[in-house]
Amino acid sequence: MTKPIVFSGIQPTGNIHLGNYLGAVKNWVAGQAQKINYFCVVDLHGLTVPQDPNDLRFQTRSLAAMLLACGLDPNQCTLFIQSHVTAHAEASWLLNCITPLGWLQRMTQFKDKSAKQESVLTGLLDYPVLMAGDIILYDANEVPVGDDQKQHVELARDIAQRFNSLYEEEFFIIPEPVIPEIGARVMGLDDPTAKMSKSSAHIRGHAIRLLDEPKEIERSFKRAVTDSGNEIQFSDAPEKAGVNNLLGIYKALTGKSKAECEADFAQARGYGDLKKRVAEVTIETLAPIQNRYHRLMDDPTELDRLLAQGAEQARAIATPKLDRMKEMMGLVLPN
Ligand code: ATP
Ligand code: LTN
């Protein structure tokens, strides 16, 4: 049986946090051996909101090191930086020319993010077209992402289908979003009604960043917003969102069932015990990741070598696919 092809991406737009890890990266690592994997640090997507150039450069390399530290294995996956493979930017232009504007204006992430910007950049609207190109250039079958990206993967399906019906049936594979059952939407510790997000990770007590020191992790969990009750159970009730989020984090980190998680806290004296235990398992999970991260950042030559190797492997797939697209659309390929 042929192995499924997996593609996913993450933006170098700030400190990677527990939501990114549980909603996406942990699942990339877990599925590596059974599949053909492409994982991409999407620096071109990062440019869709204003960035400090030096900061973006640092974040891009730091994120790549962090992904390796989390367990991505260059022998089992292709890890690369999006702008190193120019086919992505070119594919997005070609796909722009078959994508109706209305499809992009409907995207909820665009509506949310543009509402927060003083001046909305064209790239922000166009973001999902670049993302569609990322995925379909590699004939990806599966796109493991958190819940917030489902709409973008569905748009990628629509764009692929439109290209196929205009030019050649079955040219692009129609990708499927793969959303984890638990961890798909980790909420902010300071506000359990909003998703934990990189762009808010600088706000104290909002996120657990993968590079946080144990003391900071304990502090953030201690301050986490809960309710005035003391029942430690999974619940969909809006007032229980804080406790539900903490239990969800505990479940995703330990791999235990819901019943086992609840049983672990049956004797707890209150939310304080839950917060303390969630902080402990988080610190235990992050310690080896942080060690590996620092080792990689201390060896820039090795990191660059791995990223160059990833880019070369990615180009070998993406460039011929892009050339076929160009030909189908009527462009003259250079001799
Ligand atoms: P930004 O705030 O800059 O939009 P982000 O925190 O949403 O950043 P991305 O780089 O956009 O991070 O997302 C990387 C991956 O992490 C995606 O698969 C996304 O679905 C997932 N993800 C992001 N936030 C969460 C969250 N709170 N819970 C679960 N998964 C998440
Ligand atoms: N938009 C995604 C990042 C991303 C991505 C991709 C995810 C860019 N290209 C391709 C999956 C597949 C996000 O997480 N915000």
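Located above this text is the structure these notes cover.
Quick caveat: nothing in here was measured; it's all calculated off a predicted structure.

(A) Focus on the overall build of the chain. Along the backbone of the chain there are 13 helices and five strands. In terms of overall size, the chain behaves like a compact globule, its C-alpha atoms giving a radius of gyration of 21 Å where 335 residues would be expected to give roughly 20 Å. Overall, the chain is about 75 × 45 × 45 Å in size when its C-alpha atoms are taken along their principal axes. In the chain, which comprises 335 residues, the share counted as buried stands at 50%. Taking the contacts inside the chain whose residues are at least 6 apart along the sequence as the reference set, 75% of them involve residues at least 24 apart. Of the roughly 16,100 Å² of accessible surface on the chain, 50% is carried by carbon and sulfur atoms.

(B) Here's a closer look at the environment of V129. Here V129 is to be found in helix 7 (residues 122–136). In the structure, V129 is positioned 26 residues away from L155 in sequence and 8.2 Å away in space, judged by C-alpha atoms. If we skip the residues at most four places from it in the chain, V129 touches S92, L95, N96, T99, L104 and I159.

(C) Just the packing of helix 4 (residues 87–96) against helix 7, in detail. Contact geometry for helix 4 and helix 7: axes closest at 8 Å, N-to-C directions at 115°. Between helix 4 and helix 7 lies a crossing of right-handed hand. Between helix 4 and helix 7, the residues in contact are H88, A89, A91, S92, L95 and N96 and D126, V129, L130, A132, G133, D134 and I136, respectively.

(D) A look at the side chain of Q149. Looking at the secondary structure, you find Q149 in the loop between strand 4 (142–144) and helix 8 (150–166). A distance of 3.0 Å separates a polar atom in the side chain of Q149 from a polar atom in the side chain of D148. Side chain to side chain, Q149 and H152 meet in a polar contact 2.9 Å long. In contact with Q149, not counting residues within four places along its chain, are Q109 and M131.

(E) Representation of the site of ligand 1 in the model. If you check the shell around ligand 1, you find 22 residues, and the closest are D148, V186, K195, K198 and S199. The contact in question runs from an oxygen atom of ligand 1 to an N or O atom on the side chain of K195, over 2.4 Å. Between ligand 1 and S197, the relevant distance is 2.9 Å, taken from an oxygen atom to a side-chain nitrogen or oxygen of the residue. Coverage of ligand 1 by the protein amounts to 97% of the 600 Å² it exposes when considered alone. For the shell around ligand 1, the leading source of residues is helix 1 (residues 18–31), giving four residues. Taken together, the residues that form the shell around ligand 1 break down as six nonpolar, 11 polar and five charged.

Conventions used here
- Residues numbered from 1 in each chain as written.
- Chains lettered and ligands numbered in written order.
- Predicted model: local features only at pLDDT ≥ 70, side-chain atom pairs only at ≥ 80, totals over all residues.
- Heavy atoms only, no water.
- Helix = DSSP H or I, 4+ residues; strand = E, 2+ residues; numbered from the N terminus.
- Rg over C-alpha atoms; globule rule 2.2 N^0.38 Å.
- Buried < 20%, exposed > 50% of the residue type's maximum accessible area, 1.4 Å probe, protein only.
- Contact = heavy atoms within 4.5 Å.
- Areas by Shrake-Rupley, 256 points an atom, 1.4 Å probe, with all protein chains shown as cover.
- Axes fitted to C-alpha atoms, helices over the stretch in contact; angles between N-to-C directions.
- Left-handed = near helix turned anticlockwise from the far one by under 90°.
- Polar contact = N/O pair within 3.5 Å; in protein donor to acceptor, adjacent residues only side chain to side chain.
- Near = heavy atom within 4 Å.
- Nonpolar A, V, L, I, M, F, W, Y, C, P; charged D, E, K, R; others polar.

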